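# Report on the structure
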Amino acid sequence: MAENGTDCDQRRVGMIKEQHNGNFTDSSLLRERKQRDREERLNIVLWRQPLVTLQYFFLETLINLKEWTIKLWHRRSILVSFLLTLAVLTAAYYIEGAHQQYVRYMEKKFFWCAYWVGLGILSSVGLGTGLHTFLLYLGPHIASVTLAAYECNSVNFPEPPYPDQIICPDEQTTEGSISLWAIISKVRLEACMWGAGTAIGELPPYFMARAARLSGAEPDDEEYQEFEEMLEHAETAQDFASRAKLAVQNLVQKVGFFGILACASIPNPLFDLAGITCGHFLVPFWTFFGATLIGKAVIKMHIQKLFVIITFSKHIVEQMVSLIGAIPSIGPSLQKPFQEYLEAQRIKLHHRSASGVPQGENWLSWMFEKLVIVMVCYFILSIINSMAQSYAKRLQQKMYSEEKTK
């Protein structure tokens, strides 16, 4: 794979020589300046410079809209084809006929899959801090289905109201008839769609590194610069983090498809480095994306799903609630709201009146809802800060280019 970029390496070496010959007389001063500029950008956040941050955010939004409009205009044939297809689908949606039952079914499946793919993209695309949608949405959904399956001894929940609400089917089933495989199959679609979304979200680092390698340019991207510094000091790396990053880079570079698959198949906070490595060494797109998609949407997703299902199986939950009650002094008071919450869920699943729902359920639900709101708000704030910092980077790059032309 490394041979694919020989020409690009030669161009990069030539650029470095030019820099040493006169473009940059003192590289240490340049690094110091870039470090100061980076620290200055990191100070542009809402809680330190609210007016500047909001101004830069809106200006960056306008620039992005302009760039996207230009890109769409250059691909107007694809845009026209998309709009024609959308018009045909809209007509099929509103015209009455025997096909409407299939249209409604496809509509439901499409929005259900799009919802989970979108959450997966938000989890890994790198907007702001990233939204931990597995912990906030997919994990609780799998846990709810697991608890309901063991209570109802079935996964054939009535549709509707499933998936908006889970209630037990009217059919009578024997105790212990539910299997682990049945629960896995019930949540497979949403889990795989979420995994596919996380795979799509890993594409930006790959495309950024690939474009930089092909053009010979030096992108002002912290992760890419860290990657190049790591390559330069590979032999002298001593700390654990650097050795771990080098191990990921060597695995991806030398093993190829199966190395990428191995990195994508386990919870791996360094996977962004795998995308940058693949882009830098010009790994073919389908080799990278195919391995990432299989690893994240199939292998890793089944591992995470199995972990959640086992954790929230009936006997494990009962044991955890018992252990909470065994904590000295505060155990019984902590145990009571969990017992009331589980009992409230059983009442809901069996169609009983909501008037008897204990207040403990409201307390736990209220806490989780507020946690979700806080994390989503922080995610939005981080996007605003990130876009404002991107605009500040544009200003700094413009200043660099003006100084070079003088």
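Figured I'd write up the structure that's included with this text. Note that this is a predicted model, so its numbers are computed, not measured.

Rules and cut-offs
- Throughout, a residue's number is its position along its own chain's written sequence, starting from 1.
- Local features are withheld for residues below a pLDDT of 70 in this predicted model, meaning they are given only at 70 or higher, and side-chain atom pairs are given and counted only at 80 or more; totals for whole chains, interfaces and linings count all residues.
- Each side-chain value is derived from all of the structure's non-hydrogen atoms; neither hydrogens nor water enter the calculation.
- Put simply, a disulfide is two cysteine sulfurs that come within 2.5 Å.
- Every helix listed is a DSSP run of H or I at least four residues long, and every strand listed is a run of E at least two residues long, numbered separately from the N terminus.
- To sort residues, take the accessible area from a 1.4 Å probe on protein chains only and compare it with the maximum for the residue type: under 20% means buried, over 50% means exposed, and anything in between is partly exposed.
- Given a helix with a known number of residues, its expected span is that number minus one, times 1.5 Å.
- Within the patch definition used here, like charges are joined within 9 Å and nonpolar side chains (Val, Leu, Ile, Met, Phe, Trp, Tyr) within 5 Å, considering only residues with over 30% relative accessible area and no salt bridge.
- Computed with the Shrake-Rupley method and a 1.4 Å probe, the accessible areas treat only the protein chains shown as cover for residues.
- Salt bridge, as applied in this entry: a Lys or Arg side-chain nitrogen positioned within 4 Å of an Asp or Glu carboxyl oxygen.
- Take the buried Ala, Val, Leu, Ile, Met, Phe, Trp, Tyr and Cys residues and link them wherever side-chain atoms come within 4.5 Å; each set so joined is a nonpolar core.
- Any pair of residues with heavy atoms lying within 4.5 Å of one another is described as a contacting pair.
- Ring geometry is summarised as follows: Phe, Tyr and Trp rings, the Trp one being its six-membered ring, pair when their centres sit within 6.5 Å, and such pairs are stacked at plane angles under 30 degrees, edge-to-face over 60 and tilted between the two.
- Put simply, a charge is over a ring when the Lys NZ or the Arg CZ is close to the ring centre, within 6 Å, and near the line of the ring normal, within 35 degrees.
- The axes are straight lines fitted to the C-alpha atoms, using for helices just the contacting stretch, and the angles between their N-to-C directions are given from 0 to 180°.
- Should an angle lie under 35 degrees it is considered roughly parallel, over 145 roughly antiparallel, and from 65 to 115 roughly perpendicular; all remaining angles are considered oblique.
- The hand of a helix crossing depends on one turn: near helix anticlockwise from the far one by less than a right angle means left-handed, and clockwise means right-handed.
- Throughout this entry, Asp, Glu, Lys and Arg are counted as charged residues, while Ala, Val, Leu, Ile, Met, Phe, Trp, Tyr, Cys and Pro are counted as nonpolar. The remaining residues, Gly among them, count as polar.

Turning our attention to the state of the cysteines. All chains considered together, the criterion is met by one disulfide. Each sulfur in the disulfide pair C152 and C168 lies 1.8 Å from the other. What sets the handedness of the C152 and C168 disulfide is the S-S torsion sign, and at about -70° it is left-handed. With a gap of 16 residues between them, C152 in helix α6 (residues 133–152) and C168 in the loop between α6 and α7 (180–186) connect regions that are remote in the sequence. You can call C168 buried: its relative accessible area is 4%.

Bringing helix α8 (residues 188–201) into the picture now. The end-to-end C-alpha distance of α8, which contains 14 residues, comes to 20 Å, matching closely the 20 Å that a straight helix rising 1.5 Å per residue would cover. Taken together, the buried positions of α8 are occupied by E190, A191, C192, W194, G195, A196, G197, T198, A199 and G201.

Attention now moves to a nonpolar patch on the surface. Among the surface-exposed residues, L72, L79, F82, L83 and L86 lie close enough to one another that they form a single nonpolar patch of about 450 Å² accessible area. Here the element with the most residues in the nonpolar patch is helix α4 (residues 76–94); it accounts for four residues. Note on placement: L86 falls in helix α4. We classify L86 as partly exposed; its relative accessible area is 41%.

Right, let's get into the nonpolar core. Among the nonpolar cores identified, the biggest contains 26 residues, and L138, V145, F157, I183 and W194 are the most heavily contacted of them. The greatest single-element share of this core, amounting to nine residues, is contributed by α6. Not counting the four nearest positions on each side in its chain, I183 is found in contact with V145, T146, A149, Y150, V155, I178 and I309. Counting residues in each nonpolar core, the second largest holds 13 residues, with A199, C263, F288 and F289 among its members.

This part covers the packing of aromatic side chains. By the definition in use, this model includes 17 aromatic pairs. Ring geometry for Y115 versus W116: centroids 5.0 Å apart, planes at 75°, classification edge-to-face. Among the aromatic side chains, those forming a connected cluster through ring pairs are Y206, F207, F285, W286, F288 and F289. R76 extends its terminal NZ or CZ atom over the ring of W73, reaching a point 4.4 Å from the ring centre. Above the ring of Y93, the side-chain terminus of R104 is found at 4.5 Å from the ring centroid.

Running from amino to carboxyl end, α8 crosses helix α14 (residues 285–311) at an angle of 140°, the nearest separation of the two axes being 8 Å. Between α8 and α14, the angle is such that the two are oblique. Relative to α14, the crossing made by α8 is right-handed. For the pair α8 and α14, the contacting residues are R188, A191, C192, W194, G195, A196, T198, A199 and I200 in the first and F289, T292, L293, K296, A297, M301, H302, Q304 and K305 in the second. Class assignment for the residues of the contact of α8 with α14 results in 10 nonpolar, five polar and three charged.

Take it as geometry only, folks, not as evidence of what the structure does.
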